[in-house]
Amino acid sequence: LVWLLVLSLAWLGPALGGEDEDEEVIEEEEKEKKEDEVLSDEIKEEDNVLVLHEHNFARALSEHQLLLVEFYAPWCGHCRRLAPAFAQAATELRNESSPARLGKVDATAQTALATEFGITSYPTLKLFRDGNRTHPLEYTGRMDSRSIVLWMQRRAGPSATLLQDTDTTAAFINSRDLVAIGFFKDLKAEAAQAFFEVAAEMVDLTFGVAEAAELFQAYGLSADTVCLFKKFDERQTNFPVDPARGLDTAELTRLLRIHSLQLVMEFTNETSNQIFSAKIPHHMLLFLNKSSPEQLSLQDGFRAAAGGFRGEVRWPQGRDTEGGFGTPQAQCPLFPAQVLFVVVDVTGHGADVLPFFGMTAADAPTLRLVRMKNNRKYQMEQDNFSESAIRTFIQAVLDGKVKPRLLSAEPPEDWDTRPVKVLVGKTFEQVAFDETKNVFVKFYAPWCPHCQAMEAAWEELAERYKDREDIVIAEMDSTANELENITIHGYPTLHYFPAGPGRKMVEYKSTRDVETFSKFLENGGTLPEEPP
């Protein structure tokens, strides 16, 4: 039996060993196969998106006239959310036989390409035209399939439709609620080329272009002019081209965005992007309950007041008032729309923004003016919805005669008994500006995942320093509290207020962990230099 056992092991041993060796050979072959695939310049596709790497990138550029490439990271949540829309856009472009194609590069694996094209965030989209890899164009559209397709279509073909007669032009204008037409006597001139650039970028607006003399005459024009035609408010707004300055693309884009808006906008899911992308510095808001006929009637005075702030014309010093931008106010506001008027239904889409103003639906009807650069909110002492009262209030705010209304929650009873001190707008200065204390404050939003992720570290830090008389660890909910001289632009924001007179606030921008926080505090509000 022992002998048989020995023989069995002798026979089975090589067989089992061979199995392991076979598996190793298979794994090695698969590995070599994968390496060969990467080294090859063959271009594979996933959902009509070209899968690119450093060995096939040059081939892809040579084979495709227009190639929009997404540089992504597999772990990036934004990239994952973009993936279905990017694939859908790729399929639409492929199905319409467009010269434009979409590709993707895993920037975490293809580090040489990521370095070459300066990729520092994900996703980053770049357009490569005619095989040129030295000057790719940044993608500037929205991250949805329709916007990507339109953005590429504008670059694949003419960005504006050529209009040659009055009938075609009239039909073009009537085909949309909003169209922009550039009237140029020479379509090869610099001003016309600048117009085409704007048309390529503003994919949410339909563009036409005309050079026929009969069309200049039909629309009452004598010089190069961009006209915005609308089916609301004033039907035609003209932006004459200054013969000396030419056509500035940024300025024209801003003018078109602003004048594409209705005189009074309603805040809805569909209009919210338009409202914020116009970048108008002040928003005047009328909060009302649209189910109340009495409150709806307040829109009349609101709309009447809006006309005076549609655009303000101030000519640059030394500018002649004849010709170019020196045209009547109704034609070309050079510094347009200081104030955008918006109606907010507190029972509709507007209900979601009420907490931002510290309001409830029961507060309607009421008025607020918001300075967009710092989110400062201004309120009348007593709401008055007449045209003259609204105009007077707005002008007083613009002239700096009205103080902002700052939100503040009530301080909790135990605000200073826990290791982390809870600050509100009313109590902030007495704690943060105490010259005997070094105060480290976390400004947060309750819904912010980054704030939630660092909560445990902040609590541990406070526990570590709870017995230090000279150090205070605190936090403030910035969605419910506002400060006059400190504006919070993102969450979490960490500010350090050192002890002593003439104290200067320091923003903490390093790693958010307990040990790094401690080094920062122990070093007096700076991080010690690490040895090389």
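Residues numbered from 1 in each chain as written. Predicted model: local features only at pLDDT ≥ 70, side-chain atom pairs only at ≥ 80, totals over all residues. Heavy atoms only, no water.

1. So, the overall build of the chain
- Assigned secondary structure in the chain consists of 16 helices and 23 strands.
- The buried share of the chain, taken over its 532 residues, is 44%.
- Considering only contacts within the chain whose residues lie at least 6 apart along the sequence, 68% involve residues at least 24 apart.
- As displayed, the chain has an accessible area near 28,400 Å², and 50% of this comes from carbon and sulfur atoms. (Helix = DSSP H or I, 4+ residues; strand = E, 2+ residues; numbered from the N terminus. Buried < 20%, exposed > 50% of the residue type's maximum accessible area, 1.4 Å probe, protein only. Contact = heavy atoms within 4.5 Å. Areas by Shrake-Rupley, 256 points an atom, 1.4 Å probe, with all protein chains shown as cover.)

2. Description of the packing of helix α15 (residues 449-465) against helix α16 (residues 514-522)
- Packing of α15 against α16 brings their axes to within 9 Å, and their N-to-C directions diverge by 45°. Viewed along their axes, α15 and α16 adopt a mutual orientation that is oblique. α15 and α16 meet at a crossing whose hand is right-handed. The segment α15 lies against α16, with M454, A457, W458, E460, L461, R464 and Y465 engaging V514, E515, F517, S518, L521 and E522.
- Counted by class, the contact of α15 with α16 contains 8 nonpolar, 1 polar and 4 charged residues. (Axes fitted to C-alpha atoms, helices over the stretch in contact; angles between N-to-C directions. Parallel < 35°, antiparallel > 145°, perpendicular 65-115°, else oblique. Left-handed = near helix turned anticlockwise from the far one by under 90°. Nonpolar A, V, L, I, M, F, W, Y, C, P; charged D, E, K, R; others polar.)

3. As for the nonpolar core
- If you look at the biggest cluster of nonpolar residues, it comprises 24 residues, and the most contacted ones within it are F184, F195, L205, F207, V226, L247 and L256.
- Residue contributions to this core peak at 6 residues, all from helix α7 (residues 190-201).
- Setting aside its immediate chain neighbours within four residues, V226 contacts I181, G182, F184, F195, T237, N238, F239, L247, L252 and L256.
- If you look at the next biggest cluster of nonpolar residues, it comprises 22 residues, including M284, A305, M380 and F385. (Core = buried A, V, L, I, M, F, W, Y, C linked by side-chain atoms within 4.5 Å.)

4. Topic: the pattern of salt bridges
- By the definition in use, this model includes 25 salt bridges.
- A salt bridge links K290 to E266; its shortest N-O distance comes to 3.1 Å. Of this pair, K290 sits in the loop between β13 (282-288) and α11 (293-296) while E266 is found in strand β12 (residues 264-266), placing the two residues 24 residues apart along the sequence.
- Bridged by salt links that share partners, the residues D41, R59 and E63 form one connected network. (Salt bridge = Lys/Arg side-chain N within 4 Å of Asp/Glu carboxyl O.)

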